[in-house]
Amino acid sequence: MTARHAMPGRLRERALVPVLVFLGMVVAVISSLGSPLVPTIASVDHVSLSDAQWSLTVTLLVGAVATPTMGRLGDGPHRRRVILGALTVVLLGSVLAALPLGFAFLIVGRGLQGLGLGLTPLAIVTARDALPADRSRPAVALLSITTVAGVGLGYPLTGLIAESWGVHAGFWFGAIISALALLAAGLVVPTAQGREKHPLDALGALLLGVGLAALLLALSEGGTWGWGSARLLGLTAAALVVLAWWAFHELRTAHPLVDLRSLRNKVVLTADVSGLIAGVAMYMLMSMVTRFVQTPSSAGYGFGTSVLVTGLVLLPFSAASVASSKLVPLLARRTSTALVLPVGCVVSLLSMAMFLFGRNSLWELFVVMGVAGLGVGCTFAVMPGLIVSSVPAQETGSAISFNQVLRTVGYSTGSVLSAVILEAHTPVGHLLPENSGYQAAAWLGCAVWVVTGVVSIVLPRRGAPRSTVPVDEELLMDESIADAGTVEDSATAPAGPAAR
């Protein structure tokens, strides 16, 4: 008898949500390990900062490529195997990155860890299938923000461990929590029942992987290659051509990797477009704040903080993100689910404006990140519910994975945008940008949040005719979402709660 079967069924069900949340936090912490350690990695392995940056870039690249494929596999009968297999690979990558084998092995290990980025969508699908409706709704909302909240937790943990025991200790920490996550998942995660097995769209996976990898590579290397260089422009053009080919293929294959026809549903389209744009704005602020607080005060601004203190500045972001999962149901009942997304955008806009006008004291930045976590948490917490309510059950994993991929592209774009603006405001011969660079970047961030808010209001209503097939109002806790964005194509919509 396996350990999982020896565990009582009721206990497994009660432990499922904490375990799934733990998986999401592990993924977030591991994915954030590279960023605060980049300077230390460059010093320890005797490589340039641009080369050391690959310890973060390679994780995002692999995650963006693997996530949609894992999501499609997770929609079939082998979801449990996919989750356990991915955790095993993440554990292997963590150990490989932790061993002092040199920079090349570190990069390979970080790449293997990137598979973990595809686990959060699978956790969301598992919660939807395995839990009763009254428990799956808050679980889905909480799981959606674990990747956001975990970054704020991972930075100070990484800083503390690296400052105390060295760079490799941070990756050993990742290996330990990966092993715990694998053990917990093996005991608790159920098998998928009643799911049909469909052939994997191998060509779609290849095209999407190549296109996304080329696009993210262009974004990450633009500062090094030059934004007007022939190499960068050629790679970007090639990425767009491949992604266009992928979209053409997906619309014509019987079992696509991502069912792009679901984008005809205005609710799904709103969640995907909003996730992409909100990801840009979120990472613009996080990148600016982490860089601003570490800038020596001799520059005329900044506080010259250590990696540990910089991570602590992000803790309010994590705490407020988690708290928002409790706020969303209350806000939906008091107003409507359709308003939660634009309200989250308004709060996020407020945090960007606070950074724009009030960053003279360290405590102000703690407040800024707390407000930002509340807004981003509300924004991202409601997106999976919008998607889950609007696609068939057998498409949930693929649809949420695609949303996660778009967020990742948004994160990378936001990080690059902030870096480009700050670089443009760095005088020739100087290493640090002028304070005006942060002003310009913050103004752009405000504009991005305004666009996100407008999209979240206008897009669901524009051209959305009344359909006889409602979305799953029970899952969204409010009937008003059916008015905000009805399903346009009954062939792509679930037939109410019974479809679950």
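Conventions adopted
Residues numbered from 1 in each chain as written. Predicted model: local features only at pLDDT ≥ 70, side-chain atom pairs only at ≥ 80, totals over all residues. Heavy atoms only, no water. Helix = DSSP H or I, 4+ residues; strand = E, 2+ residues; numbered from the N terminus. Buried < 20%, exposed > 50% of the residue type's maximum accessible area, 1.4 Å probe, protein only. Contact = heavy atoms within 4.5 Å. Areas by Shrake-Rupley, 256 points an atom, 1.4 Å probe, with all protein chains shown as cover. pLDDT = per-residue confidence, 0-100. Salt bridge = Lys/Arg side-chain N within 4 Å of Asp/Glu carboxyl O. Phe/Tyr/Trp six-rings, centres within 6.5 Å; stacked < 30°, edge-to-face > 60°. Lys NZ or Arg CZ within 6 Å of the ring centre and 35° of its normal.

## Structural notes on the overall build of the chain
In terms of helices and strands, the chain carries 21 helices and zero strands. Expressed as a percentage of the 500 residues in the chain, the buried residues total 58%. Sequence-distant contacts, at least 24 apart, represent 79% of the contacts inside the chain between residues at least 6 apart. Here the chain displays about 19,500 Å² of accessible surface, and carbon together with sulfur accounts for 68% of that area.

## Some remarks on the side chain of Thr379
Relative to the helices and strands, Thr379 is located in helix α17 (residues 362-388). Not counting the four nearest positions on each side in its chain, Thr379 is found in contact with Ala278, Leu341, Gly344, Cys345 and Ser348.

## Here we look at the confidence of the model for the chain
For the chain, the average pLDDT comes to 80, and 87% of its residues sit at 70 or higher. Predicted confidence for residues 463-500 stays below pLDDT 50, and this span has 86 contacts to residues more than four positions away or in other chains.

## Remarks on the pattern of salt bridges
Tallying each qualifying case throughout the model produces one salt bridge. Among the salt bridges present, the one from Asp259 reaches Arg261, with a minimum N-O distance of 3.6 Å. By relative accessible area, Asp259 is classed as buried at 16%.

## Structural notes on the packing of aromatic side chains
Aromatic ring pairs: the centre-centre distance and the angle between the two ring planes describe each pair. What the rule picks out here adds up to nine aromatic pairs. Ring plane angle 35° and centroid distance 5.9 Å describe the contact between Trp246 and Phe402, whose orientation is recorded as tilted. Taken together, the residues Trp246 in helix α13 (residues 230-250) and Phe402 in helix α18 (residues 396-424) connect sequence positions 156 residues apart. For the residue pair Trp246 and Phe402, the accessibility class agrees, reading buried in each case. A network of ring pairs unites the aromatic residues Phe292, Tyr301, Phe303, Phe355 and Tyr438 as a single cluster. The ring centre of Phe355 lies 5.2 Å from the NZ or CZ of Arg359, which sits over that ring.

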